[in-house]
Each structure stands twice: as structure tokens, then as C-alpha cells.
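In case you want the letters, here they are:
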Amino acid sequence: MSPARKVNARQADKPARAAKPATPEPEFRSGIVSLLGRPNVGKSTLVNSIVRSRVAITSPRPQTTRGRIFAIRTTPEHQIVFADTPGFHRATDVFGTAMVGVAKEESRGADVILYTVDVSEPPHQEDEDIVKFLGKHKLEAPVILVANKIDKVAPDVVNANLEQFKALFPFTSVFPVSAAIGSGLQQLENGIAEHLQPGPMLFPPDMITDQDPRIQAAEIVREKALMLTRQEVPHAIAVEIEEYREGKTPETWYMRGIIYVERESQKPIVVGKGGERLKKIGTLARQDLQASLGKKVFLELWVKVKEDWRQRRDVLRSWGFRV
Ligand SMILES: Nc1nc2c(ncn2[C@@H]2O[C@H](COP(=O)(O)OP(=O)(O)O)[C@@H](O)[C@H]2O)c(=O)[nH]1
Ligand SMILES: [Mg+2]
């Protein structure tokens, strides 16, 4: 600071009467931001990184996210409610069609749309489907292009692919990021905040997700089952937590979960030799559940067959899917 601008302490303590009129406090802003994108581009990883919590499960398997999940980021200036959705893919069954429906529905009510892509690869066919959808419905919300996974390939590959994505749609703005290593996320958050309208908080400031704890527990079990199975099996897995209650003491929690598969032949795959795989799924899930609940967790897991559940509206409805 230059000597001329120094103020002594007494002067500084004076009321700000003589100072220029105070600028009004910027208004609090809030809004719903919906994530669109192909499966596996990193939508859930992105949202988890921004809200600094593992709200949505993630995995290298496509279609890990199966319902709309709100992940809420609150700062003194704004509250951003992210609607993480299943990916936009070419659906071939009742379940897949419902998943794409979730993504479409969420984007209609959003204040901002985050179109997330994996910029380590050029656009896929599904990207063209999404762009068509955006064009057809003339959504009023601004569409921001989030070019994720910039850590995965060399910068010139990122740039070449990015140009192709940019050519698909008149995006409001573009943010290259890496959700996995956390780069570019603050700029993205600021970029989103610019498009939020002044408004009150939509959720209490300490709330990070609207997801029911029992569903969240089922999702954690499913994440581990996805991690430990291959090929068609991950797609055939659904998890329901049938019992979810305090254990014998207040420091403990008891859960009984069912891992559903579609065919009898998939059951031994999930169970593993001598029950090894099921045990591993349980151990990994229990570790996560204990960390998030802060209690000792007793988790009992069973594997059952629900023939062709992805094709059956009655079953899907009984699990809470809107089909
Ligand atoms: N290298 C890299 N991998 C990422 C990044 N973001 C997500 N992934 C991985 O991509 C896979 C799919 O992520 P997920 O968030 O489940 O994708 P979603 O289906 O779009 O929700 C997971 O294995 C993530 O770890 C990233 O920025 N860089
Ligand atoms: Mg996801």
C-alpha cells in the first residue's frame, strides 16, 4: 500500500458515513441444474466433486445412475441443485426407455442444462440424439457444455474433440474440466451461478441430497456389485434394502438387502465360489455405510432371481420406478 493511501486506525474505525454509498448486497441466487449426457461420461463424478460428497454412485459401467438424484451445493452466495440423471442412450427395453425419460423430464424443468461429454473421445451417435432433443424442445434454459476427462488424453486431442462438440449446438458457454482430479470445477460453478435467478434456498443449507437413506444404502451395495461383476451381469443387478433399522444398541444399524439378478445362471456369478464375491460386496458396502452413518453396520445380503425385471412394468413400479 502506498503511504498516501494509509489510514490510521482511528479514522478506519469511524462510521462509514463519509464513504461512498454502500453497494447493495448481491442477491442470493438459486436454481435447478440438470445434467444431460451419454452414460459413463462422468456426470455423477462431476456432481459428487462439486458438492464434495459421494451423493451418487459412480462406476465404469454404463447406466450406473438409475433415477434422478438431487445433489445440493450451498455457498453464502448461491444454492445450486444438481439433478443427476441416468445417461441418454438408445434404449432397447422398458427400463432403458424409462431411464432416458427421466433425463428428458428433468431437463424440461431446469434453469440451466449441463450437457456433459467425455472430451477424450469425439462425439458419439447418442450425442447427436441429445442435440436433436435440445433443438426439438427449444428449452429456454441455457445449455452449458462441460467437456469432462481432460486429464485422459493430450491437450491437442482434447482441443480437436472439443471443436467437434462445439459445432453440434450453440452452447451458452464451454468449460473443459476433469471431475476426477477436480480441475476447472470452480470456474464451472461460477459459470453456472451467472445464470441463476435471484431466489431463496430451495433446500436447507446443510442438506446435500434428497435421496432416501435406504435407497442410498441400496445404491452403495449396487455400486460394489457393479465393481465386482462383468459383462451383462452389472446391467441385470438391482438392489432393494428390505429392512433398515437400529440394531440391538443405538450405536449399531441393521440392514437386510436383496441383490436381484435376471436369470438363475447369474446368481452363482454374484455369489462367487464359496460365497466369496457376495462376501466381498458386503464388506466393501459395509465400510462405506459405516463411514456415512457413523455407526457399526450389520449388513445381511441375499441374492434372488427376478426374471427379466428390466422388461416388467409391475416389478419396476413396485421398486418405485415410474414406468
Ligand atoms: N479419467 C477420468 N475419468 C473420469 C472422470 N470423470 C469420471 N470418470 C470415470 O468415468 C466413469 C463413469 O463415471 P460416472 O460418474 O459413473 O459417469 P455417469 O454415467 O455419466 O454418471 C467412472 O469410472 C469414473 O471414475 C475424469 O474427469 N477423468
Ligand atoms: Mg451417473
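You'll find the structure just up there.
Residues numbered from 1 in each chain as written. Chains lettered and ligands numbered in written order. Predicted model: local features only at pLDDT ≥ 70, side-chain atom pairs only at ≥ 80, totals over all residues. Heavy atoms only, no water.

Asker: Help me out: how do you make sense of the site of ligand 1 in this one?
Answerer: Taken together, 18 residues form the shell around ligand 1, and within it Asn-40, Gly-42, Lys-43, Thr-45 and Asp-151 come nearest. With respect to ligand 1, the side chain of Lys-149 contributes an N or O atom lying 3.0 Å from an oxygen atom. Coverage of ligand 1 by the protein chains reaches 84% of its 590 Å² of free accessible surface. With respect to the pocket detection grid, ligand 1 is positioned in the second largest pocket. The element contributing the most residues to the shell around ligand 1 is helix α2 (residues 43-51), with three residues. (Near = heavy atom within 4 Å. Polar contact = N/O pair within 3.5 Å; in protein donor to acceptor, adjacent residues only side chain to side chain. Areas by Shrake-Rupley, 256 points an atom, 1.4 Å probe, with all protein chains shown as cover. 1 Å grid on protein atoms, 1.4 Å probe; cavity = no way out; pocket = protein on both sides within 12 Å on 5 of 7 lines; lining within 4 Å. Sits in = over half its atoms within 2 Å of the grid points. Helix = DSSP H or I, 4+ residues; strand = E, 2+ residues; numbered from the N terminus.)

Asker: What am I meant to see in the pairing of strand β9 (residues 252-261) here?
Answerer: Each regular strand carries side chains that alternate between the two faces of the sheet. Most of β9 is tucked away, with nine of its ten residues classed as buried. Inspection of the sheet shows strand β8 (residues 238-246) paired to β9 by eight bridges, in the antiparallel sense. Counterpart to Glu-243 in the pairing with β9 is Arg-256. Taking the residues that link successive antiparallel strands as the turn, the β8-β9 hairpin has five residues. In this sheet, strand β10 (residues 296-305) lies alongside β9 in parallel orientation, the contact comprising ten bridges. Among the inter-strand pairings, Ile-258 is bridged to a residue of β10, identified as Trp-302. (Buried < 20%, exposed > 50% of the residue type's maximum accessible area, 1.4 Å probe, protein only. Pairing = 2+ DSSP bridges.)

Asker: Before we go on, may I ask you to explain the sheet that holds β8 in this structure?
Answerer: Taken together, three strands build an open sheet; the order of strands is β8-β9-β10 and the sheet is mixed. The open sheet has two edge strands, β8 and β10, and neither has a second partner. Mean inter-strand twist for the sheet, computed between neighbouring axes without regard to direction, equals 15 degrees. Contacting β8, β9 and β10, helix α7 (residues 213-228) runs over the sheet at an angle of about 130 degrees to β8. Against the sheet, helix α10 (residues 276-293) contacts β8, β9 and β10, and its axis sits at roughly 140 degrees relative to β10. (Axes fitted to C-alpha atoms, helices over the stretch in contact; angles between N-to-C directions. Contact = heavy atoms within 4.5 Å.)

Asker: I tried to follow helix α5 (residues 155-166) on my own but got confused; where do I start?
Answerer: Every α-helix carries 3.6 residues per turn, so stepping three or four residues along brings you back to the same face. The end-to-end C-alpha distance of α5, which contains twelve residues, comes to 16 Å, matching closely the 16 Å that a straight helix rising 1.5 Å per residue would cover. Of all the residues in α5, the buried ones are Val-158, Asn-161, Leu-162 and Phe-165. End-on view of α5: buried residues confined to an arc of 110 degrees, all on one side of the axis. Elements that come into contact with the buried residues of α5 comprise β4 (112-118), α4 (125-137), β5 (143-148) and β6 (173-176). (Expected span 1.5 Å × (residues − 1). Arc of directions from axis to C-beta.)

Asker: Would you explain the side chain of Thr-85 in this entry?
Answerer: Relative to the helices and strands, Thr-85 resides in the loop between β3 (78-84) and α3 (94-108). With a relative accessible area of 0%, Thr-85 lands in the buried category. At a separation of 2.7 Å, a polar atom in the side chain of Thr-85 contacts the main-chain carbonyl oxygen of Leu-35. Setting aside residues no more than four positions away along its own chain, Thr-85 makes contact with Leu-35, Lys-43, Thr-65, Gly-67, Val-102, Ala-103 and Glu-106.

Asker: For this particular structure, what's the right way to read the pattern of salt bridges?
Answerer: Pairing between side chains becomes possible if they bear opposite charge and their charged atoms approach one another. Under the counting rule described, the total for this entry stands at 19 salt bridges. Between Glu-189 and Arg-73 there is a salt bridge, with the nearest N and O atoms lying 3.0 Å from each other. Of the two residues, Glu-189 is situated in helix α6 (residues 185-193) and Arg-73 in strand β2 (residues 69-74); the sequence distance between them amounts to 116 residues. On the basis of relative accessibility, which here comes to 3%, the residue Glu-189 falls in the buried class. (Salt bridge = Lys/Arg side-chain N within 4 Å of Asp/Glu carboxyl O.)

Asker: Quick question: what am I supposed to make of the packing of α7 against α10 here?
Answerer: Two quantities define a packed helix pair, namely the angle between the helix axes and the distance between the axes. Direction vectors running N to C along α7 and α10 enclose 135 degrees, while the axes themselves pass 9 Å from each other. Judged by the angle between their axes, α7 and α10 are oblique. Where α7 crosses over α10, the two elements pack in a sense that is right-handed. In this structure, α7 uses Ala-217, Ile-220, Val-221, Glu-223, Lys-224, Ala-225, Met-227 and Leu-228 to contact α10, whose residues at the interface are Arg-277, Lys-280, Ile-281, Leu-284, Ala-285, Asp-288 and Leu-289. In terms of residue class, the contact of α7 with α10 is made up of ten nonpolar, no polar and five charged. (Parallel < 35°, antiparallel > 145°, perpendicular 65-115°, else oblique. Left-handed = near helix turned anticlockwise from the far one by under 90°. Nonpolar A, V, L, I, M, F, W, Y, C, P; charged D, E, K, R; others polar.)

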